[in-house]
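# An overview of the molecular structure
Single-letter residue listing:
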Amino acid sequence: MSYIDADLDVFLQEPFGQKVSYSGGTKMGVLDMPDQILSGDMIYSTDYVLQVKTTDFVDLEIGETIETAVNGIDTEFEVKGQRLLDDGKLTEITLSKT
């Protein structure tokens, strides 16, 4: 039995999940609130985190552009990094706005 034994498609559906488009097609993912890296009083960078089903994003590469909605507005992001979560069924993708 795997660590995550739930149906991931249910987790990735609306209202939590949203459509994510990239060169591999349109899939579902959960976009988390951004982390801000500050230097003094200035925002140095803002990173977003997207959780997706690993099998849906096997061909996604660092540096690739994806598109998803933020507050109802289609927004492009650059993939900064990826890491498997728990048993590897979910992947966490670090993004920054382009």
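The structure this text deals with has already been given above.
Residues numbered from 1 in each chain as written. Predicted model: local features only at pLDDT ≥ 70, side-chain atom pairs only at ≥ 80, totals over all residues. Heavy atoms only, no water.

## So, the overall build of the protein chain
Scanning the protein chain from N- to C-terminus turns up 1 helix and 6 strands. Each helix and strand of the protein chain, placed in order from N terminus to C terminus, yields the pattern α-β-β-β-β-β-β. For the protein chain, buried positions account for 37% of its 98 residues. In the protein chain, 42% of the contacts between residues at least 6 apart in sequence involve partners at least 24 apart. Looking at the protein chain as shown, the accessible area adds up to about 6,400 Å², and 50% of this sits on carbon and sulfur atoms. (Helix = DSSP H or I, 4+ residues; strand = E, 2+ residues; numbered from the N terminus. Buried < 20%, exposed > 50% of the residue type's maximum accessible area, 1.4 Å probe, protein only. Contact = heavy atoms within 4.5 Å. Areas by Shrake-Rupley, 256 points an atom, 1.4 Å probe, with all protein chains shown as cover.)

## Things to note about the layout of surface pockets
In this structure, the largest pocket occupies an estimated 220 Å³ of space. The element contributing the most residues to the lining of the largest pocket is strand 2 (residues 25-39), with 4 residues. Residues belonging to the lining of the largest pocket are distributed by class as follows: 7 nonpolar, 2 polar and 1 charged. (1 Å grid on protein atoms, 1.4 Å probe; cavity = no way out; pocket = protein on both sides within 12 Å on 5 of 7 lines; lining within 4 Å. Points joined across faces, edges and corners; volume = space filled by probe spheres on them. Nonpolar A, V, L, I, M, F, W, Y, C, P; charged D, E, K, R; others polar.)

## Brief notes about the nonpolar core
Buried together is how nonpolar side chains tend to be arranged in soluble globular proteins. Residues Leu50, Ile66, Ile93 and Leu95 are the most contacted members of the largest nonpolar core, which totals 14 residues. Secondary structure elements with two or more residues in this core: strand 1 (18-22), strand 3 (42-53), strand 4 (65-70), strand 5 (73-85) and strand 6 (90-97). In terms of residue count, the dominant contributor to this core is strand 3 (3 residues). Apart from residues lying up to four places away in sequence, Ile66 is in contact with Val20, Ser21, Tyr22, Leu50, Leu60, Thr75, Glu76, Phe77, Val79 and Leu95. (Core = buried A, V, L, I, M, F, W, Y, C linked by side-chain atoms within 4.5 Å.)

## Overview of the environment of Phe11
For Phe11, the position within the fold is in helix 1 (residues 8-12). Between the alpha carbons of Phe11 and Met28 there is a distance of 9.7 Å; along the sequence they are 17 residues apart. Apart from residues no more than four positions distant in its own chain, Phe11 is found in contact with Phe16, Gly17, Val30, Gln51 and Leu90.

## Details of the pairing of strand 5
Two strands pair when backbone bridges link them, and strand 4 and strand 5 are joined in this way by 6 bridges, in the antiparallel orientation. Opposite Glu67, over in strand 5, you have Glu76 as the bridge partner. Linkage of strand 4 to strand 5, two consecutive antiparallel strands, is achieved through a turn of 2 residues, within which Asn71 is found at a positive phi near 55°. Two successive antiparallel strands, strand 5 and strand 6, enclose a turn made up of 4 residues, where Asp86 displays a positive phi of approximately 45°. (Pairing = 2+ DSSP bridges.)

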